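# Structural characterization, general
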Amino acid sequence: MKNACLAQCQTPFRFLMSHGGFRGNVLGCLRLGLLHGTYCVGCCWVLMALLFVVGVMNVLWIALLALLVLLEELTPWGRWVARIAGAVCIAAGAWMVFSPPYVGSPGAP
C-alpha cells in the first residue's frame, strides 16, 4: 500500500494529468485535492503521526522528520530513504532495549 501511495504522491503534476488535469470548478478541485491528499496520507501516515507526537516536545525533531518526509516524497530514491530510516530506527530501538541502564537512573542497580 505504501509503495502504491508513494508512486502517486511523489509526482503531483503527473497525478494531476492522469486524473484529468486542473479543474475549472470548486467541487472538482476539492475532489482532486482530497484524492491526492489521501494518497499522501497513505504513504506517510506514520511519519505524520510522529511529527505530531514529537513535534509537541521538540522543534528539532519536527525539522528532521519533515526533512525525511521531503526526501522520501521528492527524490527518485524515496523508497530507499524510507527503508534506511526504518533500519536506523529498528537499530536505535534495539540499542535502547539491550543497553544497560545508566547509573543513577530509576531502573539502575
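Higher on the page you've got the structure.
Read on for an overview of the structure. (Residues numbered from 1 in each chain as written. Predicted model: local features only at pLDDT ≥ 70, side-chain atom pairs only at ≥ 80, totals over all residues. Heavy atoms only, no water.)

## Structural notes on the overall build of the protein
What counts is decided by this rule: Numbering of helices and strands runs from the N terminus, with a helix taken as a DSSP run of H or I at least four residues long and a strand as a DSSP run of E at least two residues long. Here the radius of gyration uses the C-alpha set of atoms, whereas the globule reference equals 2.2 Å times the residue count to the power 0.38. Relative accessible area decides the class of each residue, using a 1.4 Å probe on protein chains only: under 20% of the type maximum gives buried, over 50% gives exposed, and in between gives partly exposed. Contact criterion: two residues are considered in contact whenever any of their non-hydrogen atoms come within 4.5 Å of each other. What sets the accessible areas is the Shrake-Rupley method with a 1.4 Å probe; for residues, cover comes only from the shown protein chains.
Check the secondary structure of the protein and you find five helices and zero strands. Element order for the protein, N to C, with α for helix and β for strand: α-α-α-α-α. For the protein, the C-alpha radius of gyration of 19 Å lies well beyond 13 Å, the compact-globule estimate for 109 residues. Its C-alpha atoms give the protein principal-axis dimensions of about 70 × 25 × 20 Å. Looking at the protein as a whole, 22% of its 109 residues qualify as buried. Nonlocal contacts in the protein, meaning residues at least 24 apart in sequence, comprise 46% of its contacts between residues at least 6 apart. On the protein, roughly 8,000 Å² of surface is accessible, and the fraction owed to carbon and sulfur atoms is 77%.

## A look at helix 3 (residues 26-55)
Short version of the rule: What a helix should span is 1.5 Å times the count of its residues minus one. Under the rule applied, a polar contact is a pair of N or O atoms within 3.5 Å (in protein, one hydrogen donor and one hydrogen acceptor; residues adjacent in sequence only if both atoms are side-chain atoms).
Its 30 residues give helix 3 an end-to-end C-alpha distance of only 33 Å, which falls more than 12% under 44 Å, the value for a rise of 1.5 Å per residue. Listing the buried residues of helix 3 in full gives Gly-28, Leu-32, His-36, Cys-40, Gly-42, Cys-43, Cys-44, Leu-47 and Val-54. For helix 3, the secondary structure elements touched by its buried residues are helix 1 (2-10), helix 2 (12-18) and helix 4 (59-74). Near the N-terminus of helix 3, the side chain that reaches the backbone nitrogen of Gly-28, with its oxygen 3.1 Å away, is that of Asn-25.

## Thoughts on the environment of Pro-76
Here Pro-76 lies in the loop between helix 4 and helix 5 (78-98). Looking at Pro-76, the relative accessible area reads 75%, which means it is exposed. The spatial distance from the C-alpha of Pro-76 to the C-alpha of Met-96 is 32 Å, given a sequence separation of 20 residues.

## Description of helix 5
Under the convention used in this document: The reported arc concerns the directions from the helix axis to the C-beta atoms and nothing else.
For helix 5, which comprises 21 residues, the first-to-last C-alpha distance of 30 Å matches the rise-based estimate of 30 Å (1.5 Å per residue) to within 8%. When we look at burial in helix 5, the residues that qualify are Gly-78, Val-81 and Ala-85. Projection of helix 5 onto a plane perpendicular to its axis shows the buried side chains occupying an angular sector of 50°, all on one side. Turned more than 90 degrees off the buried face of helix 5, the exposed positions are Trp-80, Ile-84, Ile-90, Val-97 and Phe-98.

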